[in-house]
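Given next are the chains, with one letter for each unit.
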Amino acid sequence: MTSELYNVAEEVKSHRQAEHDVQPIFLNRWSPRAFSPEPIAEELLWSVFEAARWAPSSNNEQPWRFLVARSEADRKRFLEFLFPGNQVWAQHAPVLVVVVAKKTFSHNGNPNPVATFDCGCAWGYLALQALHNGLITHGMAGFDRDAARAALNVPQDYDPVAVLAIGRHGDKALLPEAVQQREVPSGRRPAAESVMEGGFQPPAEASAEADTQNTESQQEKQSP
Ligand SMILES: Cc1cc2nc3c(=O)[nH]c(=O)nc-3n(C[C@H](O)[C@H](O)[C@H](O)COP(=O)(O)O)c2cc1C
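Worth saying up front: this structure is predicted, and the values here are computed from it rather than measured.

Draft legend 1. The arrangement of the overall build of the chain in detail. Secondary structure assignment for the chain yields nine helices and five strands. Along the chain, helices and strands appear, N-terminal first, in the series α-α-β-α-β-α-α-β-α-β-α-β-α-α. Put simply, the chain has 224 residues, and 26% of those count as buried. Counting contacts in the chain only where the partners sit at least 6 residues apart, residues at least 24 apart contribute 76% of the total.

Given below as structure tokens:
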């Protein structure tokens, strides 16, 4: 493990402060858009999927599947179903991954209502292992799901959930000016606004809008 993972990184410190004791890796993971096109060693990549493998899931179904693009031809095919706002930066990432969820339980064919929840957990594990391996990750909801299904032959029993870009942090000068300006770790609303004791509480008057300005929903129309 590289030692900086034990401390909040310099580039992160001025943007993120924990309110409670937490491992620095959670603050250090953020979603840059400046990818270096250099290829990622096979073993480093398998390591991030190994981390995802050990995520918990309902009935141990492991509903996640990871469809990977590394060759130029495959990355071109994957890029085609990304929304333009994502293509502009994701084109430089050496690895693109479509996370696909199996929608039914394998043991009885019943719908699995938590398939995407479990995929989200697997992606979280993957992202933290990637950081540990010196890599950056960036999740994307901004893509055409039908086009992805068709291009990648995803069966009806599975749904494309999200696209991931994986690589090394690169030079943001390669990005358009507007994207460069977003190349900073985002903040968060206070934990106390997400945690409700005893039942659902009405939202407080002032939500921490300033802390959520850097979300994809406000940046551009990326979700279906
Ligand atoms: C499932 C998911 C979908 C996302 N979709 C997009 C996207 O389409 N485009 C984009 O630029 N960022 C996208 N993001 C990145 C989020 O905007 C980012 O995670 C959020 O603002 C928090 O910032 P951080 O990851 O740097 O901590 C996505 C993140 C997740 C987890």
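Here the narrative resumes, following the displayed structure.
Draft legend 2. Quick look at the environment of Asp159. Mapped onto the fold, Asp159 is located in strand 5 (residues 158-169). What makes Asp159 partly exposed here is the crowd of 19 C-beta atoms within 10 Å. Sequence-wise, Asp159 and Ala115 are 44 residues apart; in three dimensions their C-alpha atoms are separated by 9.6 Å. Among residues more than four places away in sequence, those in contact with Asp159 are Val100, Ala101 and Lys103.

Draft legend 3. Representation of helix 6 (residues 115-132) in the model. End to end, helix 6 covers 26 Å across 18 residues, agreeing with the expected 26 Å (1.5 Å per residue, within 8%). Among all positions in helix 6, only Ala115, Asp118, Cys119, Ala122, Trp123, Leu126, Ala127, Gln129, Ala130 and Leu131 are buried. As for helix 6, its buried residues are in contact with helix 2 (24-28), helix 3 (42-53), strand 2 (64-69), strand 3 (95-102), strand 4 (136-140) and strand 5. One or two positions beyond helix 6, positive phi appears at Gly134, with a value near 80°.

Draft legend 4. Representation of the pairing of strand 4. Burial runs high along strand 4: four of the five residues are buried. In terms of strand pairing, strand 4 meets strand 5 through five bridges, oriented antiparallel. Following the sheet pairing, Gly139 is matched in strand 5 by Leu164.

The rules behind the values
Residues numbered from 1 in each chain as written. Predicted model: local features only at pLDDT ≥ 70, side-chain atom pairs only at ≥ 80, totals over all residues. Helix = DSSP H or I, 4+ residues; strand = E, 2+ residues; numbered from the N terminus. Buried ≥ 20, exposed ≤ 12 C-beta atoms within 10 Å, placed from the backbone. Contact = placed C-beta atoms within 7 Å. Expected span 1.5 Å × (residues − 1). Pairing = 2+ DSSP bridges.

Read these as spatial facts, not as claims about activity.
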